[in-house]
Amino acid sequence: MVAALATLTLVAGCSGSSSGTGGGTKDGKTTITMGLFGVMGFKETGLLEKYMQEHPNIKIKADVAGDEQTYYTALQTHLAAGSGLKDIQGIEVGRAKEIVETQADKFVDLSHGADIDHFLPWKEGQITTKDGKVLGLGTDIGPLAVCYRKDLFKAAGLPTDRDEVGRLWAGDWKKFVDVGDDFKAHNKNPKVAYVDSATALFNAMIYGDPEQFYNAKGDLIYKTSPTVKAAWKLAARTATSGLTAKLRQYQPGWDPGLANGTFAATTCPAWMLAHITEKAGPQNKGKWDVAKAPKTANWGGSFLGVTEASPVKEEAKKLVAWLTAPEQQQFLFKKLGNFPSSQTALDSPEVKNATSDYFAGAPIGKIFSAAAEAIPDHQVLGRKDGTIKDIFSQGIQQIESQHTDPDKAWDNTDERIQKAVG
């Protein structure tokens, strides 16, 4: 999960460490520091405050970076230096393989002393080393849907009922783009585009395949992958057909685009509902709705890990276990839409029967549960998955915003990936 570029610092209580890095004990109270990113929900819903109320001997200081790329760059620096780390660090799924293979000694093994049996097996497998060391506990997963503006679809002569909308593009991302052509042909407002960006379409397509940039042996396969090739071709078509607002998700301009109705649809993992609700604002409540995506995918999802350098490892482990427990995952889904990585939470009526007032009463529990059930049990993660995804997004943005020829943009992207992965 990722969010806007600005960095926000939350101090939930006082810090027991003048450096604001690892926590400690002071005045009879233990301070636990956290490094988070995006809208993980712990701060936004008051869960950190609740934990402190239930544990009066604990103070939590959480630094929340809006942009995951910026956050991860800083985390890599701190891991290399062996200093500046928080007691608890958030880890995005695209970084999990790199953490597992290169930084396992910097994180506590959470396979002992905590209940991890309630998590989806494939989820915890993403953050587990070959010798069984569990480096993080799952917060959420990212089953995919499409979020769309009913009023803008209606103005372009398209259906607005979520089931009818889903049938327009059922089973085929090419149909999704074809609907965009229809939208463009009948849309009378030149300030409104069909979708936000072509990069969002590319990501949605690749995350639906068990193998994306790497195969199970760890070999890079993006240059020969049929999935990556098809996603690039369709994204390039979208970028050059005037269907996008040229607003890359979570980059400058995207949030105002949500609020101002600059685009009519966006590919939408469950965790994105919270961001749209916040940034589109109360004036757009009921205008947004959620429809089934053309094909299922798991886009994103995160973990919480405890660092070995922490002076309060035991207290931090307890906090991580509590924040990722089924009850808290159910709560976060109900409040924000962050979809549980806990099978226990997934099976609960609170999740399966959930609806969203903001998204026109959409049965988000039903929609995202169905998408989650269709996610492959095993998805291959590579060491530089997150970096490669970012480079592909920038390559597509060259086509979209700089009018670079798609073949030239592909060559540029390939060259940058080769340099990045060594």
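Criteria and thresholds
- Residues numbered from 1 in each chain as written.
- Predicted model: local features only at pLDDT ≥ 70, side-chain atom pairs only at ≥ 80, totals over all residues.
- Heavy atoms only, no water.
- 1 Å grid on protein atoms, 1.4 Å probe; cavity = no way out; pocket = protein on both sides within 12 Å on 5 of 7 lines; lining within 4 Å.
- Points joined across faces, edges and corners; volume = space filled by probe spheres on them.
- Helix = DSSP H or I, 4+ residues; strand = E, 2+ residues; numbered from the N terminus.
- Nonpolar A, V, L, I, M, F, W, Y, C, P; charged D, E, K, R; others polar.
- Buried < 20%, exposed > 50% of the residue type's maximum accessible area, 1.4 Å probe, protein only.
- Pairing = 2+ DSSP bridges.

Student: Sorry, what's going on with empty space enclosed by the protein here?
Tutor: One water molecule sets the probe size; rolling that probe over the atoms shows where empty space is left. All told, the structure shown has one cavity of 30 Å³ or more when counted by the stated rule. Roughly 430 Å³ of volume is contained in the largest cavity. In terms of lining, the largest cavity is formed by 30 residues, of which the most central are Glu-92, Asn-203, Tyr-207, Trp-299 and Lys-389. When contributions to the lining of the largest cavity are tallied by element, the ones reaching two or more residues are helix H2 (68–81), helix H3 (93–102), helix H8 (198–206) and helix H17 (385–402). It is H17 that contributes the most residues to the lining of the largest cavity, five residues altogether. For the lining of the largest cavity, the class distribution of residues is 10 nonpolar, 13 polar and seven charged.

Student: Would you explain the environment of Gly-28 in this entry?
Tutor: As for its placement among the helices and strands, Gly-28 is situated in the loop between strand E2 (24–26) and strand E3 (29–37). Given the relative accessible area of 65%, Gly-28 is considered exposed. Spatially, the C-alpha atom of Gly-28 lies 9.2 Å from that of Ile-58, the residues being 30 residues apart in sequence.

Student: It is not clear to me how the layout of surface pockets should be interpreted in this structure. Could you clarify?
Tutor: By volume, the largest pocket amounts to about 480 Å³. Secondary structure elements with two or more residues in the lining of the largest pocket: H3 and helix H4 (121–125). Classifying every residue of the lining of the largest pocket gives seven nonpolar, nine polar and six charged. Put simply, the second largest pocket is a space of about 410 Å³. For the second largest pocket, the lining is made up of 20 residues, of which Asp-163, Ala-291, Lys-292, Ile-367 and Ala-370 are closest to its centre. For the lining of the second largest pocket, the secondary-structure elements that each account for two or more residues are helix H6 (162–168), strand E11 (288–292) and helix H16 (364–373). By residue class, the composition of the lining of the second largest pocket is 11 nonpolar, three polar and six charged.

Student: Would you explain the pairing of E3 in this entry?
Tutor: Along a regular strand, successive side chains alternate from one face of the sheet to the other. The buried fraction of E3 amounts to eight of the nine residues, a majority that puts the element mostly inside the structure. Sheet topology places E2 next to E3; three bridges connect them, and they run antiparallel. Pairing of Lys-26 across the sheet is with Lys-29, part of E3. Where E2 folds back onto E3 in an antiparallel hairpin, the turn is made up of two residues, including Asp-27, whose phi is positive at roughly 55°.

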